[in-house]
Amino acid sequence: MFAVTEKLSALDNSKRSAHPAHSRTFGGRVIMIVRTASLRLRSAAAALIATAVTVAAPSQAAVAQDHASSISPMGRVGGLGDSGASGTGFGPCPCQPRKTLLQWSYGTSFSGGPDLDEPIVTDRPDFTEASSTVGRGVAQLELGYTYSYDDAAGTTTKSHSYPEPLLRYGIFADWLEMRVAWNYADEESAGMSASGSEDLLLGFKVGLTPQEGILPEMAIIPQLRVPTGASAFTADETLPGFNWVYSWDISDLISTAGSTQFNRATDDSTSEAYTEWAQSWTVGYSLAERAGAYTEWFAFFPHSADSAQPEHYFNGGFTYLLSDDVQWDIRSGIGLNDAADDYFVGTGLAIRFR
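Residues numbered from 1 in each chain as written. Predicted model: local features only at pLDDT ≥ 70, side-chain atom pairs only at ≥ 80, totals over all residues. Heavy atoms only, no water.

The subject of this paragraph is the overall build of the protein. Check the secondary structure of the protein and you find 3 helices and 17 strands. Every one of the 354 residues in the protein was classed for burial, and the buried ones make up 37%. Within the protein, counting contacts between residues at least 6 apart in sequence, those at least 24 apart form 51% of the total. Surface accessibility of the protein: about 19800 Å² in total, with carbon and sulfur atoms responsible for 61%. (Helix = DSSP H or I, 4+ residues; strand = E, 2+ residues; numbered from the N terminus. Buried < 20%, exposed > 50% of the residue type's maximum accessible area, 1.4 Å probe, protein only. Contact = heavy atoms within 4.5 Å. Areas by Shrake-Rupley, 256 points an atom, 1.4 Å probe, with all protein chains shown as cover.)

Under the counting rule described, the total for this entry stands at 16 aromatic pairs. Between Tyr145 and Tyr162, the aromatic rings sit 6.5 Å apart at their centres with planes inclined by 40°, giving tilted as the arrangement. Pair noted here: Tyr145 is in strand S3 (residues 139-152) and Tyr162 is in strand S4 (residues 155-162), with a separation of 17 residues, a long-range link. Owing to a relative accessible area of 31%, Tyr145 belongs among the partly exposed residues under this scheme. Centre to centre, the rings of Tyr246 and Trp281 are 5.9 Å apart; their planes meet at 50°, and the pair counts as tilted. Taken together, the residues Tyr246 in strand S11 (residues 239-249) and Trp281 in strand S13 (residues 273-286) connect sequence positions 35 residues apart. Take Tyr246: its relative accessible area is 8%, and that puts it in the buried class. Under the relative-accessibility criterion, Trp281 is labelled partly exposed at 37%. The rings of Phe127, Phe298, Phe300, Tyr313 and Phe344 are connected pair by pair, giving a single aromatic cluster. (Phe/Tyr/Trp six-rings, centres within 6.5 Å; stacked < 30°, edge-to-face > 60°.)

Attention now moves to the pattern of salt bridges. Counted by the stated rule, this structure contains 13 salt bridges. Measuring nitrogen to oxygen at the nearest pair gives 2.7 Å for the salt bridge that ties Arg179 to Asp123. Taken together, the positions of Arg179 in strand S6 (residues 176-181) and Asp123 in the loop between strand S2 (75-76) and S3 put the pair 56 residues apart, joining distant regions of the chain. Each member of the pair Arg179 and Asp123 is classed as buried. For the salt bridge of Lys205 with Asp123, the shortest nitrogen-to-oxygen distance reads 3.1 Å. Of this pair, Lys205 sits in strand S9 (residues 200-209) while Asp123 sits in the loop between S2 and S3, and the two are 82 residues apart along the sequence. The residues Lys205 and Asp123 share a single accessibility class, namely buried. Taken together, the shared-partner salt bridges connect Asp123, Glu129, Glu142, Arg168, Glu177, Arg179 and Lys205 into one network. (Salt bridge = Lys/Arg side-chain N within 4 Å of Asp/Glu carboxyl O.)

The next subject is the confidence of the model for the protein. Averaged over all residues, the pLDDT of the protein is 81; the fraction at 70 or higher stands at 71%. Confidence drops under a pLDDT of 50 for residues 1-34, and excluding neighbours within four residues, the segment shows 15 contacts in the predicted structure. Under a pLDDT of 50 for its full length, residues 51-88 has, in the predicted model, 35 contacts with residues more than four places off or in other chains. (pLDDT = per-residue confidence, 0-100.)

What follows deals with the pairing of S3. By the bridge criterion, 4 bridges tie S3 to strand S5 (residues 166-170) in an arrangement that is antiparallel. Its bridge partner lying in S5, Leu141 is registered against Leu167. Alignment of S3 against strand S17 (residues 343-353), held across 11 bridges, turns out to be antiparallel. Its bridge partner lying in S17, Ala139 is registered against Phe353. The antiparallel hairpin formed by S3 and S4 contains 2 residues in its connecting segment, where Ala153 sits at a positive phi of about 55°. (Pairing = 2+ DSSP bridges.)

Below, the discussion takes up the side chain of Asn243. The topology assignment puts Asn243 in strand S11. On the basis of relative accessible area, Asn243 is assigned to the buried category, the value being 1%. Ignoring sequence-local partners within four residues, the contact set of Asn243 consists of Glu129, Ala219, Ile220, Ile221, Ser259, Thr260 and Gln261.

Turning next to the environment of Trp297. With respect to the helices and strands, the residue Trp297 is situated in strand S14 (residues 291-303). The partly exposed category is assigned to Trp297, whose relative accessible area is 28%. Residues contacting Trp297, with those up to four places away along its chain left out, are Gln279, Ser280, Trp281, His312, Tyr313 and Leu336.

See the structure below:
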């Protein structure tokens, strides 16, 4: 706009200096008046055109701001009337894999799910499972040993549990993993002992949502036990169950999580089936770059059982990263009521293969 006005002004000045006699005669005055009016009209037209161009073309800053508003940290987010790079739908563009099945709202950052640039995230050593999956094509093996002791009504029970393997493998998508768990138990009670394998546990973990503010990162775990164990430890029937896990990163130093689950179980005294509910809550602490700790409460609540009673526990432990893909842990816990075991201690190792 300013360049156009300056060019017209320069043209006006040059024409005045080239014809000074026009201002000394009546005819010159008429011509001068007409020429001046013409120049003013052209200046007004140029200003109008420049204003229209300014309104029609947004500033570079406005364009950049509008472009940035349609981009999430994980890629372009498609919406109503905005097909994004894929043509349709919500969520990140195809160049960014979806790490959770769902999102809390339009345009989230997709901060949940597996992150292979970060250290390993494990389901052990606490009772509460992790709310994230391992990632597609990633295998994670978690192992452990637990010793427990209980003295109830003069009867002492000691048990050893090992190697507690849990194999987690990401299939089809970053938000889905397959899970296989098995264990061997050795138990001594009232002068009698029994040992053998326990029933096989099969399941899937589905990463549901990332954390968004106070809304948690969540996962669900449909699972079932298959009667493959030794006679002393098998339920002799398939026992389905379901686990819902939710967690929050409160700060760089503290996180918290909980789980709510129910599983079909059999009564130790009558072998009759009942539903066992379980609830847990854990708080994790970052102690150093590679060291962490946790404290946790968890409990079992039998529903319609013949003899099983609620059991409450409190436990805590420490973790140490030997590398980004290897974690070692130790833990211990106590029973909070008579039906629970008196105490337990254990240790374990988790390894990620990618």
